[in-house]
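For reference, the chains in residue letters:
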Amino acid sequence: MKTETREERLAKLRSWHARCAREGKSRLLSEVCAQYGYSRKHAIKLLRGSLPKRGKRRRGATLRYEPICEVVERIWQAAEQVCGKRLAAA
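Residues numbered from 1 in each chain as written. Predicted model: local features only at pLDDT ≥ 70, side-chain atom pairs only at ≥ 80, totals over all residues. Heavy atoms only, no water.

Honestly, the overall build of the protein chain in this entry has me stumped. Any pointers?
For the protein chain, the helix and strand inventory stands at five helices and zero strands. Starting at the N terminus and ending at the C terminus, the protein chain contains elements arranged as α-α-α-α-α. Out of the 90 residues in the protein chain, the part that is buried amounts to 17%. Across the protein chain, contacts joining residues at least 24 apart in sequence account for 26% of those joining residues at least 6 apart. About 8,200 Å² of surface is accessible on the protein chain, with carbon and sulfur atoms providing 52% of the total. (Helix = DSSP H or I, 4+ residues; strand = E, 2+ residues; numbered from the N terminus. Buried < 20%, exposed > 50% of the residue type's maximum accessible area, 1.4 Å probe, protein only. Contact = heavy atoms within 4.5 Å. Areas by Shrake-Rupley, 256 points an atom, 1.4 Å probe, with all protein chains shown as cover.)

Just to check I follow, could you spell out the packing of helix α1 (residues 6-19) against helix α2 (residues 22-36) for this structure?
The description of two helices packed together rests on the angle between their axes and the distance between the axes. α2 packs onto α1 with a crossing angle of 165° between their chain directions and a minimal axis gap of 10 Å. The orientation of α1 with respect to α2, classified from their angle, is roughly antiparallel. Of the two possible hands of crossing, α1 and α2 adopt the one that is left-handed. Where α1 abuts α2, its residues R6, R9, L13, W16 and H17 lie against K25, L28, E31, V32, Q35 and Y36. When grouped by side-chain class, the residues that make up the contact of α1 with α2 number five nonpolar, two polar and four charged. (Axes fitted to C-alpha atoms, helices over the stretch in contact; angles between N-to-C directions. Parallel < 35°, antiparallel > 145°, perpendicular 65-115°, else oblique. Left-handed = near helix turned anticlockwise from the far one by under 90°. Nonpolar A, V, L, I, M, F, W, Y, C, P; charged D, E, K, R; others polar.)

Please explain α1 as it appears in this structure.
Residues three or four positions apart in an α-helix share a direction because the helix packs 3.6 residues into each turn. Here α1 spans 20 Å end to end across 14 residues, near enough to the 20 Å set by a 1.5 Å rise per residue. Taken residue by residue, α1 has R9, L10, L13 and H17 as its buried positions. In a view along the axis of α1, the buried residues occupy a sector of 95°, so they form one face of it. In α1, the exposed positions angled more than 90 degrees off the buried face are occupied by E7, A18 and R19. Buried residues in α1 make contact with α2 and α3 (40-48). (Expected span 1.5 Å × (residues − 1). Arc of directions from axis to C-beta.)

For this particular structure, what's the right way to read the nonpolar core?
Of all hydrophobic cores here, the largest spans 11 residues; its members are L10, L13, L28, L29, V32, C33, Y36, Y38, A43, L46 and L47. Other than its neighbours up to four places away in sequence, L29 contacts R40, A43, I44 and L47. (Core = buried A, V, L, I, M, F, W, Y, C linked by side-chain atoms within 4.5 Å.)

Written out as C-alpha cells, the structure is:
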C-alpha cells in the first residue's frame, strides 16, 4: 500500500475544499490543522492554493539603476550607509 505525500494529500483536500459549503470547509480546515499542526491562517492559504512558490520571482521593486548601481553603492558606503532620503542629498 502506497502512502500519500503531504502535497498529494493537500491536492485532494484542495479539490474537496473548493466543492464544500461553509460548514464543510470549517470542518476540513480543523482536520488539516489537527493533522499537520498548521495554524488556521496557514491552512486556509494552503487549501486555497494562494501561497507563492519559493524562488520563482524576485520580490521588491524593479531595478531601475542597474548601470549606475556600483557608483551609488560606493557613495552609500562613503556616506556611512545612510537612509534613502539622506543618500539622495549626498
